[in-house]
Amino acid sequence: METVSTNRAHGGVQGVYRHASRETGTEMTFSVYVPPHEEGTKLPVVWYLSGLTCTHANVTEKGEFRAACAELGLIFVAPDTSPRGEGVADDPASAYDFGLGAGFYVDATEEPFAPHYRMWSYVTEELPALIAARFPADMARQSIMGHSMGGHGALTIGLSFADRFKAVSAFAPIVAPSQVPWGEKALSGYLGTDPGAWRRHDAVSLIEDGARVPALLVDQGEADGFLKEQLRPELLEAACAQAGIPLTLRIQPGYDHSYYFISTFMAEHLRWHAARLG
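Bear in mind that the values here come from a model prediction, so they are computed numbers and not experimental data.

### Thoughts on empty space enclosed by the protein
Next up, step 1: The final tally for this structure, using the stated rule, is one cavity of 30 Å³ or more.
Next up, step 2: Reported here for the largest cavity is a volume of approximately 50 Å³.
Next up, step 3: Taken together, Phe165, Lys166, Ala167, Val168, Val213, Pro214, Ala215, Trp272 and Arg276 make up the full set of residues lining the largest cavity.
Next up, step 4: Taken together, the elements giving at least two residues each to the lining of the largest cavity come down to β7 (165–171) and α9 (259–277).
Next up, step 5: With four residues, the single largest contributor to the lining of the largest cavity is β7.

The structure is reproduced here in structure tokens:
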């Protein structure tokens, strides 16, 4: 693992790191904030999954999470959103919502994406092992959150590994990718045209199929331009109500899809996670 940079922040260390990934077959870059702590202390870990077009840098530079993490004693991990590099397949039309920067947190089965687009296994298996080995992380206390496409990833991973993640939250998540244009394009392109193969990567479908978590927190901007066509939080609300999952869905007046929105409510999400991480 190569250290790209480290910076002192709120008494802790904000680092950016690079390593050769066995899952993606590429170099992968991620960021980790480690708050101030006593030597030998193991700290809970919050995973943050970013949205379309993003890298680890977007939340690292704009998320305004470090003060809360330092106060609450939380390690904050932000991976990239897709593999990158020479030989990595991209959308032929260079669209922003598929290919590079748009891995959708799945293990692709379709060519030419299958060899490298293995973000599900990277985020759930490979990177956690690296974090456990190299950082003062208490892997018995993990939680997960994300934004937009990363909100989709956080919900599906959190629902699939409910015994691992003590808390799950999201900002403006794609809650039902099987039912919206972004998701239909991505899931068919990565996983094929059989909608049955999409269900394990669709939060609403997972809940319909029996997945459960103790509670969910979702913030959504009322002025988000993607709200009605791509995000559709009402579908998650209905699924949670049917399944008996306590969902706190907050529609925030005047807020859009940007990091101005995310950073405004980031500390509240982190406190919600900390309360469940112990």
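### Considering α9
What sets the pattern is the α-helix's 3.6 residues per turn: residues three or four places apart point alike.
Next up, step 1: Its 19 residues place the ends of α9 25 Å apart at the C-alpha level, agreeing with the 27 Å of an ideal helix rising 1.5 Å per residue.
Next up, step 2: Tyr259, Phe261, Ile262, Ser263, Phe265, Met266, His269, Leu270, Trp272, His273, Ala274 and Leu277 are the residues of α9 that are buried.
Next up, step 3: Looking one or two places after α9, you find Gly278, whose phi comes out positive at around 85 degrees.

### Considering the packing of aromatic side chains
Next up, step 1: On inspection of all chains with the given rule, the structure shows 17 aromatic pairs.
Next up, step 2: When the ring of Phe113 is compared with that of Tyr190, the centres are 5.5 Å apart and the planes differ by 90 degrees; the resulting orientation is edge-to-face. Of the two residues, Phe113 is situated in the loop between β5 (75–79) and α3 (119–134) and Tyr190 in helix α5 (residues 181–191); the sequence distance between them amounts to 77 residues. When sorted by exposure, Phe113 lands in the same class as Tyr190, which is buried.
Next up, step 3: Between Trp120 and Phe161, the ring centres sit 6.0 Å apart and the planes meet at 35 degrees, which makes this aromatic pair tilted. Of the two residues, Trp120 sits in helix α3 while Phe161 sits in the loop between α4 (149–160) and β7, which places them 41 residues apart along the sequence.
Next up, step 4: The structure contains a cluster of three or more aromatic residues connected by ring pairs, namely Tyr33, Tyr48, Phe65 and Phe76.
Next up, step 5: Here the basic side chain of Arg66 rests over the ring of Phe65, its NZ or CZ set 4.7 Å away from the ring centre.
Next up, step 6: Across from the ring centre of Trp120, 5.1 Å away, lies the NZ or CZ of Arg200, which sits over that ring.

Reading guide: rules and limits
- Residues numbered from 1 in each chain as written.
- Predicted model: local features only at pLDDT ≥ 70, side-chain atom pairs only at ≥ 80, totals over all residues.
- Heavy atoms only, no water.
- 1 Å grid on protein atoms, 1.4 Å probe; cavity = no way out; pocket = protein on both sides within 12 Å on 5 of 7 lines; lining within 4 Å.
- Points joined across faces, edges and corners; volume = space filled by probe spheres on them.
- Helix = DSSP H or I, 4+ residues; strand = E, 2+ residues; numbered from the N terminus.
- Expected span 1.5 Å × (residues − 1).
- Buried < 20%, exposed > 50% of the residue type's maximum accessible area, 1.4 Å probe, protein only.
- Phe/Tyr/Trp six-rings, centres within 6.5 Å; stacked < 30°, edge-to-face > 60°.
- Lys NZ or Arg CZ within 6 Å of the ring centre and 35° of its normal.

Remember that the coordinates give geometry; whether it matters functionally is a separate question.
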